[in-house]
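So you can see what is in the structure, the chains are spelled out below.
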Amino acid sequence: MSGNDVGNQVILATASYDHTIKLWQAHSGICQRTLKHPESQVNAMEITPNRQQLAAAGYQHIRMYDLKSLSEDPVINYEGVSKNVTALGFQEDGKWMFTGGEDCTAKIWDLRSYNLHVSRIFQVTTPVTCACLHPNQAELFVGDQSGVIHIWDIETEHYEQLIPEADASIQSIAIDPEGTYMAAVNNKGKAYVWRLSGGTGDSPTALTPARSLHAHGKYALKVKFSPDSTMMVTTSADHTARIWKTADFSQMTELSDTNQRWVWDVAFSADSQHIITGSSDNVARLWSVETGEIKSEYSGHQKAISAIAFKDVLYPS
């Protein structure tokens, strides 16, 4: 595989409690490579904007794997992080990375120097469970175990907070690509949606409550919006993923299978027609959004799949 191929190919990675990350051929379900991730599960995974590397967040470290080499070991290993790193993502030009973790912080890491260093630290009082960057690339939305959503403007240091439901841990936060909606799910199966406005120039994003949904009967795990902003997906310990229309937040499709267990992570395809899920039954699945049918299964992990990273077209820069 040459470096040029990486920019145009479909990248599907799954991480498991079996201490491996697998790279798959998405259409066939064939595993192409297995990467080693020793000593820890992977809590979150993200592909860099230039599609050259895969970042994996685990216990007390962040590891970067080179997608264009054939090595199964990480090329960069950031140690010195205390406790579990639970969230990570990238600024759209790859200038910096954000992380969140059980050390009760969100951090901004400058990626422009080879020796990665933390340029900003945002301190909260309870462990950080999730984080999401607004499409404006300036505001970081950080969820914590106590049920608070912190909104931190990285440039101006402006800060606000929301508490949709006290003492219900925020498990996942998502903002749609158009910057119209923000959603959060908690450990009581509830999904909360806000309409966003502002967030350009010097004006901070204003949030207006739009909807609260009893999305699942059990613990909710993830929420994501489709690339075309018309759908939202939630996943849960109830063994399902559910797709909701953003027009009215009615349920559109339920993705369920008799073998599926807790659905830990989820990703949309770029055309918003398919969804990939990763579950405690060690299997990832490719689903049709419209029909709820399984189109492909990715089987090979020995333990639960904890994280997914998926990019299937070259997004315009």
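As a reminder, the structure under discussion sits directly above these lines.
Conventions we followed
- Residues numbered from 1 in each chain as written.
- Predicted model: local features only at pLDDT ≥ 70, side-chain atom pairs only at ≥ 80, totals over all residues.
- Heavy atoms only, no water.
- 1 Å grid on protein atoms, 1.4 Å probe; cavity = no way out; pocket = protein on both sides within 12 Å on 5 of 7 lines; lining within 4 Å.
- Points joined across faces, edges and corners; volume = space filled by probe spheres on them.
- Helix = DSSP H or I, 4+ residues; strand = E, 2+ residues; numbered from the N terminus.
- Nonpolar A, V, L, I, M, F, W, Y, C, P; charged D, E, K, R; others polar.
- Phe/Tyr/Trp six-rings, centres within 6.5 Å; stacked < 30°, edge-to-face > 60°.
- Buried < 20%, exposed > 50% of the residue type's maximum accessible area, 1.4 Å probe, protein only.
- Pairing = 2+ DSSP bridges.
- Axes fitted to C-alpha atoms, helices over the stretch in contact; angles between N-to-C directions.
- Salt bridge = Lys/Arg side-chain N within 4 Å of Asp/Glu carboxyl O.

Engineer: Mind showing me how you'd approach empty space enclosed by the protein here?
Structural biologist: A probe matching the size of a water molecule, rolled over the atoms, marks out where space remains unfilled. Inspection of the entire model under this criterion finds one cavity of 30 Å³ or more. Approximately 50 Å³ is the volume attributed to the largest cavity. Residue lining of the largest cavity: Val81, Ser82, Asn84, Val85, Thr99, Gly100, Gly101, Glu102, Asp103, Thr105 and Lys107, and that is the complete set. Elements with a minimum of two residues in the lining of the largest cavity: β9 (96-101) and β10 (105-110). Here the lining of the largest cavity gets three residues from one element, more than from any other, and that element is β9. The residue inventory of the lining of the largest cavity, partitioned by class, reads two nonpolar, six polar and three charged.

Engineer: Mind showing me how you'd approach the packing of aromatic side chains here?
Structural biologist: Enumeration over the complete set of coordinates arrives at nine aromatic pairs. Ring geometry for Tyr181 versus Phe249: centroids 5.3 Å apart, planes at 85°, classification edge-to-face. Of the two residues, Tyr181 is situated in strand β17 (residues 181-186) and Phe249 in the loop between β22 (241-245) and β23 (251-255); the sequence distance between them amounts to 68 residues. We note that Tyr181, like Phe249, is buried. Three or more aromatic residues joined by ring pairs form one cluster here, namely Phe122, Trp152 and Tyr159.

Engineer: Is there a simple way to think about unusual backbone geometry in this case?
Structural biologist: Excluding glycine, a negative phi dihedral is what most residues carry, and trans is how most peptide bonds are arranged. Even without being a glycine, Cys104 presents a positive backbone phi close to 65°. Along the chain, Cys104 turns up in the loop between β9 and β10. The class of Cys104 is buried, set by a relative accessible area of 16%. The backbone phi angle of Asn282 is positive, close to 75°, even though this residue is not glycine.

Engineer: For this particular structure, what's the right way to read the sheet that holds strand β24 (residues 263-268)?
Structural biologist: The pairing of strands in a sheet comes from backbone hydrogen bonds and takes either a parallel or an antiparallel form. On the basis of which strands lie adjacent, the open sheet formed by four strands has the order β24-β25-β26-β27 and antiparallel pairing. What marks the edges here is a single partner per strand, and that holds for β24 and β27 (294-299). Recorded for the sheet is a direction-independent mean angle of 20° between the axes of neighbouring strands.

Engineer: Honestly, the pairing of β24 in this entry has me stumped. Any pointers?
Structural biologist: Within a regular beta strand, the side chains point alternately toward one face of the sheet and then the other, so they alternate between its two faces. In terms of burial, β24 is largely enclosed, as five of its six residues are buried. Examined bridge by bridge, β24 and strand β25 (residues 274-279) share five bridges and lie antiparallel to one another. Considered in β25, the bridge of Asp265 is made with Gly278. Hairpin geometry of β24 and β25 is characterised by an intervening segment of five residues between the two adjacent antiparallel strands and by a positive phi of about 65° at Ser272.

Engineer: Honestly, the pattern of salt bridges in this entry has me stumped. Any pointers?
Structural biologist: Pairing of side chains with opposite charge becomes possible as their charged atoms draw close. Inspection of every chain in the model, using the stated rule, returns 13 salt bridges. Between Lys36 and Glu72 there is a salt bridge, and its shortest N-O distance comes to 2.8 Å. Here Glu72 lies in the loop between β6 (62-66) and β7 (76-78) and Lys36 lies in strand β3 (residues 30-36), a separation of 36 residues in the sequence. Measuring nitrogen to oxygen at the nearest pair gives 3.4 Å for the salt bridge that ties Glu39 to Arg63. Of this pair, Glu39 sits in the loop between β3 and β4 (44-47) while Arg63 sits in strand β6, and the two are 24 residues apart along the sequence. A relative accessible area of 3% means that Arg63 is categorised as buried.

Engineer: Please clarify how the sheet that holds strand β1 (residues 11-16) should be interpreted in this entry.
Structural biologist: Spatially, the four strands line up as an open sheet ordered β3-β2-β1-β28, and their pairing is antiparallel. Since the sheet does not close on itself, it has two edges, and those belong to β3 and β28 (305-311), each with one partner. Mean inter-strand twist for the sheet, computed between neighbouring axes without regard to direction, equals 20°. Inspection of the sheet shows β1 paired to strand β2 (residues 20-25) by four bridges, in the antiparallel sense. Residue pairing for β2: Ala13 is matched across the bridge by Leu23.

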